[in-house]
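# Fold and contact review
Next come the chains, spelled out residue by residue.
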Amino acid sequence: MSSTVTYTVSGMSCGHCEKAINGEVSGLPGVTAVSSDAKAGTVTVTAESPLSDEQIAAAVDEAGYELVGQAA
């Protein structure tokens with residue numbers, strides 16, 4: 001059963017930012033879809049099974065941005 005979670009990310013301002021985050025997060029094991037929205041400051045991740053916040057934070061950090069936490 002897949003899991004979809006939306007996270008808040010700080011520092012995104014453009015399409016390049018979205019692509020950088022999408023590229024890093026999509027490389028995580030089990031991720032089937034990633035959608036970043038710079039305007040909203042969010043990234044939505046769908047994976048085959050739930051991923052830890054630490055896994056997502058590490059990928060977002062690798063792209064040069066900061067994971068704030070799960071969006072409400």
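To be clear, the structure that these remarks concern was listed above.
Residues numbered from 1 in each chain as written. Predicted model: local features only at pLDDT ≥ 70, side-chain atom pairs only at ≥ 80, totals over all residues. Heavy atoms only, no water.

## Let's talk about the overall build of the protein
Secondary structure assignment for the protein yields two helices and four strands. Listed N to C, the secondary structure of the protein is β-α-β-β-α-β in terms of helices and strands. The C-alpha atoms of the protein give 11 Å as radius of gyration, which agrees with the globular expectation for 72 residues (11 Å, within 12%). Across the 72 residues in the protein, those meeting the buried criterion constitute 33%. In the protein, of all internal contacts separated by at least 6 residues, the share reaching a separation of at least 24 is 62%. If you sum the accessible surface of the protein, you get close to 4100 Å²; carbon and sulfur atoms cover 48% of it. (Helix = DSSP H or I, 4+ residues; strand = E, 2+ residues; numbered from the N terminus. Rg over C-alpha atoms; globule rule 2.2 N^0.38 Å. Buried < 20%, exposed > 50% of the residue type's maximum accessible area, 1.4 Å probe, protein only. Contact = heavy atoms within 4.5 Å. Areas by Shrake-Rupley, 256 points an atom, 1.4 Å probe, with all protein chains shown as cover.)

## Digging into the pairing of strand β1 (residues 3-10)
In this sheet, strand β3 (residues 42-47) lies alongside β1 in antiparallel orientation, the contact comprising six bridges. When the bridges of β3 are listed, Thr 4 appears paired with Thr 46. (Pairing = 2+ DSSP bridges.)

## A look at the nonpolar core
The biggest cluster of nonpolar side chains holds 19 residues, and the ones touching the most others in it are Val 9, Ile 21, Val 25, Val 45, Ile 56, Val 60 and Tyr 65. With residues up to four places along the chain from it excluded, the contact list for Ile 56 reads Tyr 7, Val 25, Leu 28, Val 45, Leu 51 and Leu 67. (Core = buried A, V, L, I, M, F, W, Y, C linked by side-chain atoms within 4.5 Å.)

## Quick look at a negative patch on the surface
A cluster of acidic residues, Glu 24, Asp 61, Glu 62 and Glu 66, forms a negative patch on the protein surface. Tracing the backbone through its elements, the reader meets Asp 61 in helix α2 (residues 53-62). The class of Asp 61 is exposed, set by a relative accessible area of 53%. (Patch = residues over 30% accessible without salt bridge, like charges linked within 9 Å, V, L, I, M, F, W, Y side chains within 5 Å. Salt bridge = Lys/Arg side-chain N within 4 Å of Asp/Glu carboxyl O. Lys, Arg positive; Asp, Glu negative; His and termini not counted. Charge placed at Lys NZ, Arg CZ, Asp CG, Glu CD.)

## Side note on the sheet that holds β3
The strand order β2-β3-β1-β4 describes an open sheet built from four strands, whose pairing is antiparallel. The sheet terminates laterally at β2 (31-37) and β4 (66-70), the two strands that pair on one side only. When the angles between neighbouring strand axes are averaged without regard to direction, this sheet yields 30 degrees. In the packing of α2 onto the sheet, contacts are made with β1, β3 and β4, and the angle to β4 comes to roughly 150 degrees. (Axes fitted to C-alpha atoms, helices over the stretch in contact; angles between N-to-C directions.)

## Brief notes about helix α1 (residues 15-26)
Between its first and last C-alpha atoms α1 spans 16 Å; for twelve residues at 1.5 Å apiece the expected length is 16 Å, and the two agree. Among all positions in α1, only Cys 17, Ile 21 and Val 25 are buried. Relative to the axis of α1, the buried residues are bounded by an arc of 55 degrees and lie together on one face. Set apart from the buried face of α1 by more than 90 degrees, the exposed residues are His 16 and Lys 19. The inward-facing, buried residues of α1 abut β1, β2, β3 and α2. (Expected span 1.5 Å × (residues − 1). Arc of directions from axis to C-beta.)

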